[in-house]
Amino acid sequence: MTPIDRRQFLKNMGMLSGGVLLATSPWFSAFSEQRHTSGSKVSIGIIGTGYRGQQLLQTLAANPKVEIIALCDIYKPALDSALKIIPKAKAYSDNKNIDAVVIATPLKAHFEIIIDAFDADKHVYCESAIAYSMDDTIKSYKQFKKSGKVFFIGLQRLFDPHYIRAIEMLHSGKFGAVNGIRTNWHSYDDWRLPVPANATDEQVNWRLYRDSSKGIMSEIACHQLQIGTWAMREIPSTVMGH
């Protein structure tokens, strides 16, 4: 299999103006190169500098239109690691110079930070999902609409060349009628991660505690369920757990 360069792939997709791919993935039209941003930079604060936050940090640090000026995390080892990536960034309780925030905290904290960020007149990128409940999700959406700011939720598969190609083939009719979808997650052999000497299990394995998580299904399954809605081009009419 020929390796796919993700960055070049996304750049090419953003420049397209039509065709099957943009019909399958219409959000790419929003990612084309914009002349009005040439020579300018957006100042970003990162909230949550753990594993996912540091992945985003490294990607953003390579973008010439981005300046990361602030980092925030209650877990000091993660914050220290992030500062090694962006040594010029600082910690702030409030910073009027931040244009946008990236939220990469545990899901439990997403809703409150989203609302606070829009109240502070910031653009928001938030890792999925938005919130635990539909009520909080709708409140987040209404706050976004009132704010006039950009709001984007990180569902990585929407930008993965392999998934995009598969959905394109599906929507073009190459596989015929689809009667069912089954998804799996094979990222880890063990969901319990090793705990450093200067940390507690609750800090590192927060997904496994009732006080900080609603379980792996709540934390991870949005990525899997989203594949189904994308493939079928509709949302479920009923949901059942067992």
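Preceding this section is the structure that the text describes.
Procedures and definitions
- Residues numbered from 1 in each chain as written.
- Predicted model: local features only at pLDDT ≥ 70, side-chain atom pairs only at ≥ 80, totals over all residues.
- Heavy atoms only, no water.
- Pairing = 2+ DSSP bridges.
- Helix = DSSP H or I, 4+ residues; strand = E, 2+ residues; numbered from the N terminus.
- Right-handed = clockwise from strand over helix to strand, strands pointing away.
- Polar contact = N/O pair within 3.5 Å; in protein donor to acceptor, adjacent residues only side chain to side chain.
- Axes fitted to C-alpha atoms, helices over the stretch in contact; angles between N-to-C directions.
- Parallel < 35°, antiparallel > 145°, perpendicular 65-115°, else oblique.
- Left-handed = near helix turned anticlockwise from the far one by under 90°.
- Contact = heavy atoms within 4.5 Å.
- Salt bridge = Lys/Arg side-chain N within 4 Å of Asp/Glu carboxyl O.
- Buried < 20%, exposed > 50% of the residue type's maximum accessible area, 1.4 Å probe, protein only.
- Nonpolar A, V, L, I, M, F, W, Y, C, P; charged D, E, K, R; others polar.

K.L.:
Where do I start with the pairing of strand β5 (residues 151–154) in this structure?
P.N.:
Successive residues of a regular strand alternate their side chains across the two faces of the sheet. Sheet analysis places strand β4 (residues 123–127) next to β5, joined by four bridges and oriented parallel. Pairing of E127 across the sheet is with G154, part of β5. In terms of handedness, the path from β4 via helix α6 (residues 134–147) over to β5 forms a crossover that is right-handed.

K.L.:
Please explain the environment of S213 as it appears in this structure.
P.N.:
Mapping S213 onto the fold places it in the loop between α8 (201–204) and α9 (216–232). Residues S213 and Y132, 81 residues apart in the sequence, show an inter-C-alpha distance of 9.4 Å. Of note is the side chain of S213, whose polar atom sits 3.1 Å from the backbone oxygen of R207.

K.L.:
Is there a simple way to explain the sheet that holds strand β1 (residues 42–47) in this structure?
P.N.:
In a beta sheet, neighbouring strands are held together by backbone hydrogen bonds and run either parallel or antiparallel to one another. The parallel open sheet is built from five strands, whose spatial order is β2-β1-β3-β4-β5. Since the sheet does not close on itself, it has two edges, and those belong to β2 (66–72) and β5, each with one partner. Adjacent strand axes in the sheet meet at a mean angle of 20 degrees when their direction is disregarded. Examined bridge by bridge, strand β3 (residues 100–103) and β4 share four bridges and lie parallel to one another. In the sheet register, V101 faces β4, and the bridge partner there is V124.

K.L.:
Help me out: how do you make sense of the packing of helix α5 (residues 110–119) against α6 in this one?
P.N.:
Describing two packed helices takes the angle between their axes plus the distance from one axis to the other. Closest axis-to-axis distance for the α5/α6 pair is 10 Å, and the angle between their directions is 15 degrees. The orientation of α5 relative to α6 falls into the category roughly parallel. Between α5 and α6 lies a crossing whose hand is left-handed. Along the contact surface, α5 presents F111, I114, I115, F118 and D119, while α6 presents D136, K139, S140, Q143, F144 and S147.

K.L.:
I keep staring at the pattern of salt bridges and nothing clicks. Help me out?
P.N.:
Pairing is possible between side chains of opposite charge, provided their charged atoms come close. Tallied over the full model, the rule gives five salt bridges. With its nearest N and O atoms 3.1 Å apart, the salt bridge here joins R52 to E127. Linking R52 in helix α3 (residues 51–61) with E127 in strand β4, this pair joins segments that are 75 residues apart in sequence. Note that D121 and K149 form a salt bridge whose closest N and O atoms lie 3.5 Å from each other. In this pair, D121 sits in the loop between α5 and β4 while K149 sits in the loop between α6 and β5, placing the two residues 28 residues apart along the sequence. Under the relative-accessibility criterion, D121 is labelled partly exposed at 47%.

K.L.:
Would you mind showing me how to read the packing of helix α7 (residues 161–171) against α9 here?
P.N.:
Two elements in contact, α7 and α9, have axes separated by 9 Å at closest approach and are oriented at 35 degrees. Seen from α7, the contacting residues are Y163, I164, I167, L170 and H171; seen from α9, they are I227, W230 and A231. Class assignment for the residues of the contact of α7 with α9 results in seven nonpolar, one polar and no charged.

K.L.:
I tried to follow α5 on my own but got confused; where do I start?
P.N.:
One full turn of an α-helix is made of 3.6 residues, so residues set three or four places apart face in the same direction. Every buried residue belonging to α5 is among H110, I113, I114, I115, A117 and F118, and all of these are buried. Those residues of α5 that are buried are in contact with β1, β3, β4, α6 and β5.

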